[in-house]
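# Overview (structure and organization)
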Amino acid sequence: MDYILAVPGSIGAAVIGVLREMGDMFLFLGRTLYWTFIPPLKVNRVIRQIGFMGARSTALIVLTGAFTGMILGLQIYYTLQKFGAEAYLGPAIALSVIRELGPVLSALMIIGRAGSALSAEIGIMRISEQVDALESMSLSPYRYLMVPNMLAALVSFPLLGAIFNVVAIYGGYLIGVKLLGLSAGTYFSGIKDFVGFRDIRDGMIKSLCFGVIMIWVSCYKGYNTEHGAEGVSRATTTSVVMASTLVLVWDYFLNSVMLNF
Amino acid sequence: MIEVKNIHKSFGGQAVLKGVSFTVETGEIFAVIGGSGQGKSVLLKVIMRLLEADSGDILIDGKSICGLKGQALYKMRDRVGYLFQGGALFDSMTIYENIAFPLREKTKLTKKEINARVEEELEKVGLSGMGHKYPEEVSGGMKKRAAFARVLVMRPEVVLFDEPTTGLDPILVDSVHRLILWGKKTYGFTAVIVSHEIPEIFGVADRIGMLSGGVMVETGTPDEIRNSRVPEVKRFVRGLSEEVSVGGIA
């Protein structure tokens, strides 16, 4: 009898565990947003984090953007050629990048570079009691650790996404025009005709959402680190996996909404 | 005066504190001794409200601190300093910046006044000229002293010391203990020290409490603890493991 009850019991415990963690995560996000509006704002820390998260990620974004654009140039040209529609290479690359690949790939790159570092930094602060030290001084860790990162992400993600878009479009240009012989006028006039403000706006909204997701998950995992170095390692890994997965899941929901309105 | 009343604290169903009670008079140094894993650090964090007690109450100057939230909790913490076991210095800041940090964030002192106060504290703890170094560039003893300076710079009424001498050599243990006695004499704070240092702590504390099995098994003056008849206290003070005392050697 005990054996029969053990199975639903363990399933129930796992479900409760997941629900509890979700509740904790939403409370954490709520507290971070609350502290965002409580002055004084730690402007220096925000600027420092923009430097860390944004400026120092630029090279990586440029590199991945360039190769994404070049790969798209080759792949989409090959596909369009089958329909005799090579002239649409420019808008096809631009729309794919601006609406989808720019925000998503740049977010995944920043999560890998800055999100993991953020989790590790806050995790180490947690296990070395630096977070407790802040609290013991009556200073909120949300104000000093979470809020500056959240604001830095809200600035950095759309900018890095925009840089990714521009570089990727020029990467596609390099392949389509310089390598495969498409005319530059066709490439760029197509982009001008088919890419609208709505596409750029949707891409920006996605970047902002992904920035919030990265900070939310990375800071939460770092803040709740336990059990020494192994705990930091686990927090870092899970934060990257969870944030990347959430970005893709949330991207699907955003697309569902954006393409219907 | 600090009154700890019947504090219970569990982690995941495992009871660590099972009804701890004791009182610390104003201006007194009270040491909590006990074996590893007995919940001494947990007790300090509960007093600081870094951990929430499951039940029981803590009163500072007759006022309960267990239900405090928001600004009231922050005001309480402003009166209490906490020296963490590893110092908990911010590793992205120099020692100077660490000590200046609470002054910059919590007071309206000018840059000049902050500088004067930090230099004063650095000198008092014997770290003059070391302010520009980062925590990882100094020894364990220096880290402890820097952390102590960061606590003292806010002039707390109560200081909680979490194993301030762990991992230090005997000479540094003595220097940290002297520093605590000097701090108490200079600033008149009330202190609770969690310590393993037997017999050194007898020369520092006014009263001592032994935490064992989740409860305070005995409290008394250093002499009373030294001559205690309570088996756990006798064993701990003499540094004898349970297996040895069972064999009749104690």
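Just so it is clear, the structure is predicted and the values come from calculations on it, not from any experiment.

To continue, consider the overall build of chain B. Within chain B one finds 9 helices and 10 strands. Against the compact-globule benchmark of 18 Å for 250 residues, chain B has a radius of gyration of 19 Å, which places it among compact chains. Expressed along its principal axes, the backbone C-alpha trace of chain B runs to roughly 60 × 40 × 35 Å. In chain B, buried positions account for 39% of the 250 residues. Counting only contacts in chain B whose residues sit at least 6 apart along the sequence, the fraction spanning at least 24 positions is 64%.

Along chain A, the regular secondary structure elements total 9 helices and 0 strands. Along chain A, helices and strands appear, N-terminal first, in the series α-α-α-α-α-α-α-α-α. Its C-alpha atoms give chain A principal-axis dimensions of about 65 × 60 × 35 Å. Here chain A holds 261 residues, and the buried ones make up 41% of them. In chain A, the proportion of contacts linking residues at least 24 apart, taken out of those at least 6 apart, comes to 87%.

By a widespread convention, an interface's size corresponds to the accessible area lost as its parts come together. The interface of chain A with chain B comprises 10 residues on the first partner and 13 residues on the second. Of the residues in the side of chain A that touches chain B, the class split is 3 nonpolar, 4 polar and 3 charged.

Let us now look at the confidence of the model for chain A. Averaged over all residues, the pLDDT of chain A is 91; the fraction at 70 or higher stands at 100%. Element-level pLDDT for chain A is lowest in helix α1 (residues 2-36) of chain A, with a mean of 88, against a maximum mean of 94 in helix α8 (residues 197-223) of chain A.

Moving on, we get to the domain arrangement of chain B. All names here are of chain B. Domain boundaries in chain B define domain 1 (1-79 + 160-218) and domain 2 (89-155). Of note, the centres of domain 1 and domain 2, computed from C-alpha atoms alone, are 24 Å apart. Contacts between the two partners involve 9 residues from domain 1 and, on the opposite side, 8 residues from domain 2.

With that settled, consider the packing of helix α3 (residues 95-106) of chain B against helix α5 (residues 140-152) of chain B. Each pair of packed helices can be summarised by the angle the axes make with each other and by the distance between the axes. Residues and elements named next belong to chain B. Running from N to C, α3 and α5 cross one another at 20°; their axes reach a closest spacing of 8 Å. When the interaxial angle is binned, α3 and α5 end up roughly parallel. Seen from above, α3 lies across α5 with right-handed handedness. Listed contacts from α5 to I95, N98, I99 and P102 of α3 are A146, A149 and R150. Residues that form the contact of α3 with α5 fall into these classes: 5 nonpolar, 1 polar and 1 charged.

Residue and element names in this part refer to chain B. Among all positions in helix α8 (residues 231-238), only V233, F236 and V237 are buried. Each buried residue of α8 sits inside an arc of 95° when the element is viewed along its axis, so together they form one side. Among the structural elements, β3 (29-33), β9 (207-212), β10 (215-220) and α7 (222-226) are those in contact with the buried residues of α8. Phi for G239, located one or two positions after α8, is positive at around 70°.

Our next topic: the nonpolar core. Of all hydrophobic cores here, the largest spans 122 residues; its most connected members are M214(A), A31(B), L160(B) and V192(B). Residue contributions to this core peak at 16 residues, all from helix α6 (residues 141-179) of chain A. Residue contributions to this core reach at least three from each of two domains, namely domain 1 (1-79 + 160-218) and domain 2 (89-155) of chain B. With near-sequence residues (within four places) excluded, M214(A) lies in contact with A107(A), I110(A), I111(A), G115(A), A153(A) and A243(A).

Right, let's get into the sheet that holds strand β2 (residues 14-24) of chain B. Residues and elements named next belong to chain B. Strand order in the open sheet formed by 4 strands is β2-β1-β4-β5, and the pairing between neighbours is antiparallel. At either end of the open sheet lies a strand with only one pairing partner, and these are β2 and β5 (63-64). In terms of strand pairing, strand β4 (residues 55-60) meets β5 through 2 bridges, oriented antiparallel. The residue of β5 that forms the bridge with I60 is K63.

In this model, P39(A) is joined to P40(A) through a cis peptide bond whose omega is 0°. Secondary-structure assignment places P40(A) in the loop between α1 and α2 (43-53). Positive phi outside glycine occurs at A88(B), with the angle close to 55°. Relative to the helices and strands, A88(B) resides in the loop between β6 (80-83) and α3.

Attention now moves to the pairing of β2(B). All names here are of chain B. Across 8 bridges, strand β1 (residues 2-11) lies against β2 in antiparallel orientation. Each bridged residue has a counterpart across the sheet, and for H8 the counterpart in β2 is K18. Two successive antiparallel strands, β1 and β2, enclose a turn made up of 2 residues, where G12 displays a positive phi of approximately 55°.

Residues and elements named next belong to chain B. What the 6 strands build is an open sheet, ordered β6-β7-β8-β3-β9-β10; its pairing is mixed. For this open sheet the edge positions go to β6 and β10, each flanked by a neighbour on one side alone. This sheet shows a mean twist of 15° between the axes of neighbouring strands, independent of strand direction. Of the strand pairs in this sheet, β9 and β10 are connected by 5 bridges, and their pairing is antiparallel. Paired with M210 across the strands is E218, a residue of β10. The sheet strands contacting α5 are β6 and β7 (158-162), and the helix crosses β6 at an angle near 170°.

Conventions and cut-offs
Residues numbered from 1 in each chain as written. Chains lettered and ligands numbered in written order. Predicted model: local features only at pLDDT ≥ 70, side-chain atom pairs only at ≥ 80, totals over all residues. Helix = DSSP H or I, 4+ residues; strand = E, 2+ residues; numbered from the N terminus. Rg over C-alpha atoms; globule rule 2.2 N^0.38 Å. Buried ≥ 20, exposed ≤ 12 C-beta atoms within 10 Å, placed from the backbone. Contact = placed C-beta atoms within 7 Å. Nonpolar A, V, L, I, M, F, W, Y, C, P; charged D, E, K, R; others polar. pLDDT = per-residue confidence, 0-100. Domains from an automatic or database assignment. Axes fitted to C-alpha atoms, helices over the stretch in contact; angles between N-to-C directions. Parallel < 35°, antiparallel > 145°, perpendicular 65-115°, else oblique. Left-handed = near helix turned anticlockwise from the far one by under 90°. Arc of directions from axis to C-beta. Core = buried A, V, L, I, M, F, W, Y, C linked by C-beta atoms within 7 Å. Pairing = 2+ DSSP bridges.

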